[in-house]
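# Breakdown of the fold
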Amino acid sequence: MPGEHAHSRRTVILAAFLIAAALAAAGALALRLSGGDSVVLTNQSRYTEGVAGTWQRVNPLFANANEVDADLSQLVFSGLVRIAGDGQVLGDLAELPAVTDEGRTYTFKLRSNLQWHDGAAVTSRDLLFTVRTLTDGDFTGDRLLAEGWRGAELEVPDERTFVVHLRQASAPFLARSATVGILPEHLLGAIPVRELSDATFNANPIGTGPYKVEALDSREARLVAYDRYHLGRPGVQRLTLRFFSDDASATRALQGGDLDGVFVRTSPAQGQLSDLNSVKDTVTSQLQRSSQLLLYLNTGNTLFRDQRVRQAISFGIGREAIVQKNFVGAATPSSSPIAPGTWAYTEEYDAVSQDISRARVLLAEAGWVQSPSTGILTKEGQEFRFTIRVDNDPVRFAIANELSAQLNTLGIRAAVSSTTFTVLHLDYLVPRRYEAALAVWDQGADPDPYFGWHSSQMGTAGLNLANFEDPVADELISKGRTTNDLETRKDSYRQFQEIWQDLVPGVVIAYPHSVYAFPDNLKNVMSGVLFASSLRFADVQEWRR
């Protein structure tokens, strides 16, 4: 009957409306849970990545000793602050601190309602416990972690406030020290500091990071998204790190479909890069690292005291050719002591192009004349000969020989001598018993060049390995590290880069890349400078698949 049919239609329409409303509400709830305004989470999204190495201690205070530990600590723990892709400091467990007392006092305020993975509340006591642990005389981890905290006075006026009084102003403090992962006092406070490295906690870690450890064994680490993560619930529900003996094994597993992604920490060989590029439905991304390949010239040696000679060597080097030949393109050619892509970098003062003519003019102005019989540059009866010291790393050894060949065209004869890194460091670099040396210098997330280039670091206890000394450079370095005003720091480092091009304290060649292969449907993977391998996960909560 017509009345019954109309009633039936109204019932169907009403049911459809209620179902649609329920779905809309569920979608809105998913959005709220994700911490975003436009992305609905897929609870079953997964990602499995292969890495070379295996875990030892999943604890941020010991992570410097093992890169897989650092990867897992980045996923499981959080620091007071964190690092953006250009090196700027962002809030993490705390918002950016109030800085007073002419840059000596930092007042951190923890975010509201922070919880450890086990549900316990995070308080300022956890911050105090972590710092006191890494500065304790019985601490067996990397002593450099404590460097920025030494001599600091610490206060915890309430459950959410942490005050740090430094002995002297230090702009690098936030990037270098306040990023360390925080540990839970309620789980570790009763363990003697000297025994922390062997604590069972290191195999069953509880943190505040975006992921919780679900299972950890010799084959893999299985992690699950932490629903209450303070920067927003991760979009990938399950993340697994699978361990391999080397990068080649991980690459084969990716080719065989057993992995979704692979991270290659070291500079890839041509074949390896081709293998990764050939994997179907995979993006191969190159992430520039903050570490620089640097040719040290010992300015205490008579050959390199004249800045025109150092300029000539810099102009005479073909950085682009080295990057293409020795890094298969996986490096950024640069002559700047400040990493390209960072907030302190000024492209104007990064001379990359080779200029043989300019190099020859500078050498002639410095009094070096090419012998018509040997082709070797001579000055007052001395031939321009020296030795480039390098470690046994095959890529660096090959680059040292390439540098020798390039300098040969200028009439400079550079022999190459390789040895172990330990011998290079202890027998040649530290005592400054070398003429030239090819090595890697990692500035880290903060651009402060104090330890490597300030004149106060010239002795054997310091790291000014080139014996470089310049009062103007010293003043700029000091100004840049003692002010918290970002614009003032930028100006100091801009001027330092300008001086560098004139004085050439060392010859920067390139900034190598790491290679990251991941599915083409994995979105929001990091871009920017990779200050540490683990920081590819710095914004992992934003990943979507």
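Residues numbered from 1 in each chain as written. Predicted model: local features only at pLDDT ≥ 70, side-chain atom pairs only at ≥ 80, totals over all residues. Heavy atoms only, no water.

Helix and strand counts for the protein chain come out as 15 helices and 21 strands. Taken over 545 residues, the protein chain has a buried fraction of 53%. Total accessible area on the protein chain stands at roughly 23600 Å², and carbon and sulfur atoms take up 50% of it. Computed over 51 positive and 63 negative side-chain charges, the separation of the two mean positions in the protein chain equals 3 Å. (Helix = DSSP H or I, 4+ residues; strand = E, 2+ residues; numbered from the N terminus. Buried < 20%, exposed > 50% of the residue type's maximum accessible area, 1.4 Å probe, protein only. Areas by Shrake-Rupley, 256 points an atom, 1.4 Å probe, with all protein chains shown as cover. Lys, Arg positive; Asp, Glu negative; His and termini not counted. Charge placed at Lys NZ, Arg CZ, Asp CG, Glu CD.)

Here we come to the environment of Ala84. As for its position among the elements, Ala84 is in the loop between strand S2 (81–83) and strand S3 (89–91). Classification of Ala84 by relative accessible area gives buried; the value is 17%. Residues Ala84 and Val352, spaced 268 residues apart in sequence, show a C-alpha to C-alpha distance of 26 Å. Ignoring anything within four residues of it in the chain, the contact list for Ala84 reads Leu90 and Phe531. (Contact = heavy atoms within 4.5 Å.)

What follows covers the sheet that holds strand S7 (residues 161–165). Strands pair in a sheet through their backbones, by hydrogen bonds, and they do so in one of two ways: parallel or antiparallel. With antiparallel pairing, the 4 strands of this open sheet are ordered in space as S4-S5-S7-S6. For this open sheet the edge positions go to strand S4 (98–100) and strand S6 (153–158), each flanked by a neighbour on one side alone. Direction aside, the axes of adjacent strands within the sheet are offset by 20 degrees on average. Sheet topology note: the S6/S7 ladder contains 4 bridges and is antiparallel. When the sheet's bridge partners are listed, Glu155 is paired in S7 with Val163. Across the sheet, helix H3 (residues 124–134) touches S6 and S7, and the angle it forms with S6 is around 165 degrees. (Pairing = 2+ DSSP bridges. Axes fitted to C-alpha atoms, helices over the stretch in contact; angles between N-to-C directions.)

Looking now at the pattern of salt bridges. Think of it this way: side chains of opposite charge can pair up when their charged atoms draw near. Tallied over the entire structure, the rule returns 27 salt bridges. Among the salt bridges present, the one from Asp448 reaches Arg176, with a minimum N-O distance of 3.2 Å. Here Asp448, found in the loop between strand S20 (436–442) and helix H13 (450–453), pairs with Arg176, found in helix H4 (residues 173–176); they are 272 residues apart in sequence, far enough to count as distant. A salt bridge links Asp448 to Arg481, with the nearest nitrogen and oxygen atoms 3.1 Å apart. Of this pair, Asp448 sits in the loop between S20 and H13 while Arg481 sits in helix H14 (residues 471–482), placing them 33 residues apart in sequence. As far as the burial class goes, Asp448 and Arg481 line up, both buried. Residues joined in a network through salt bridges with shared partners are Glu49, Glu67, Asp71, Arg265 and Arg536. (Salt bridge = Lys/Arg side-chain N within 4 Å of Asp/Glu carboxyl O.)

So, on to the nonpolar core. In globular proteins that are soluble, nonpolar side chains generally tend to be buried together. Core analysis: the biggest nonpolar cluster contains 71 residues, and Phe108 and Trp543 have the highest contact counts within it. Once residues lying within four places of it in the same chain are set aside, the contact partners of Trp543 are Tyr47, Gly235, Val236, Leu239, Tyr516, Leu522, Lys523, Asn524, Val525, Met526, Arg536 and Phe537. Judged by nonpolar contacts, the second largest core, of 36 residues, contains Val309, Ala312, Ile317 and Ile399. (Core = buried A, V, L, I, M, F, W, Y, C linked by side-chain atoms within 4.5 Å.)

On average, residues of the protein chain score 92 in pLDDT, and 92% of them reach the 70 mark or higher. Below a pLDDT of 50 lies the segment residues 1–42, which in the model reaches 20 contacts outside its immediate sequence neighbourhood of four places, other chains included. (pLDDT = per-residue confidence, 0-100.)

In this section: the packing of helix H8 (residues 307–316) against helix H15 (residues 486–503). The geometry of H8 relative to H15 is characterised by a closest axis approach of 7 Å and an angle of 95 degrees between their N-to-C directions. On the basis of the axis angle, H8 is roughly perpendicular to H15. Contact residues: Gln307, Arg310 and Gln311 in H8; Gln501, Asp502 and Leu503 in H15. When its residues are assigned to classes, the contact of H8 with H15 shows 1 nonpolar, 3 polar and 2 charged. (Parallel < 35°, antiparallel > 145°, perpendicular 65-115°, else oblique. Nonpolar A, V, L, I, M, F, W, Y, C, P; charged D, E, K, R; others polar.)

With that settled, consider the packing of H14 against H15. Contact geometry of H14 with H15 gives a least axis separation of 8 Å together with a crossing angle of 155 degrees. Considering their axes alone, H14 and H15 lie roughly antiparallel with respect to each other. Seen along the crossing, H14 lies across H15 with a hand that is left-handed. On H15, the residues that touch Val472, Ala473, Leu476, Ile477, Lys479, Gly480 and Arg481 of H14 are Thr488, Arg489, Ser492, Tyr493, Gln495, Phe496 and Ile499. (Left-handed = near helix turned anticlockwise from the far one by under 90°.)

The subject of this paragraph is the environment of Pro333. By the element assignment, Pro333 lies in strand S14 (residues 331–333). Relative accessible area serves as the criterion here: at 17%, Pro333 is assigned to the buried category. Apart from residues no more than four positions distant in its own chain, Pro333 is found in contact with Arg319, Glu320, Val323, Val352, Ile509 and Ala510.

Before going further, it helps to spend a moment on H14. Note on helix geometry: an α-helix contains 3.6 residues per turn, so any two residues three or four positions apart are oriented the same way. Between its first and last C-alpha atoms H14 spans 17 Å; for 12 residues at 1.5 Å apiece the expected length is 16 Å, and the two agree. The complete set of buried residues in H14 reads Ala473, Asp474, Leu476, Ile477, Gly480 and Arg481. Projection of H14 onto a plane perpendicular to its axis shows the buried side chains occupying an angular sector of 165 degrees, all on one side. Exposed residues lying more than 90 degrees from the buried face of H14 are Pro471 and Glu475. Among the structural elements, H13 and H15 are those in contact with the buried residues of H14. Backbone nitrogen of Val472 and a side-chain oxygen of the N-cap are separated by 3.3 Å at the start of H14; the cap is Asp470. (Expected span 1.5 Å × (residues − 1). Arc of directions from axis to C-beta. Polar contact = N/O pair within 3.5 Å; in protein donor to acceptor, adjacent residues only side chain to side chain.)

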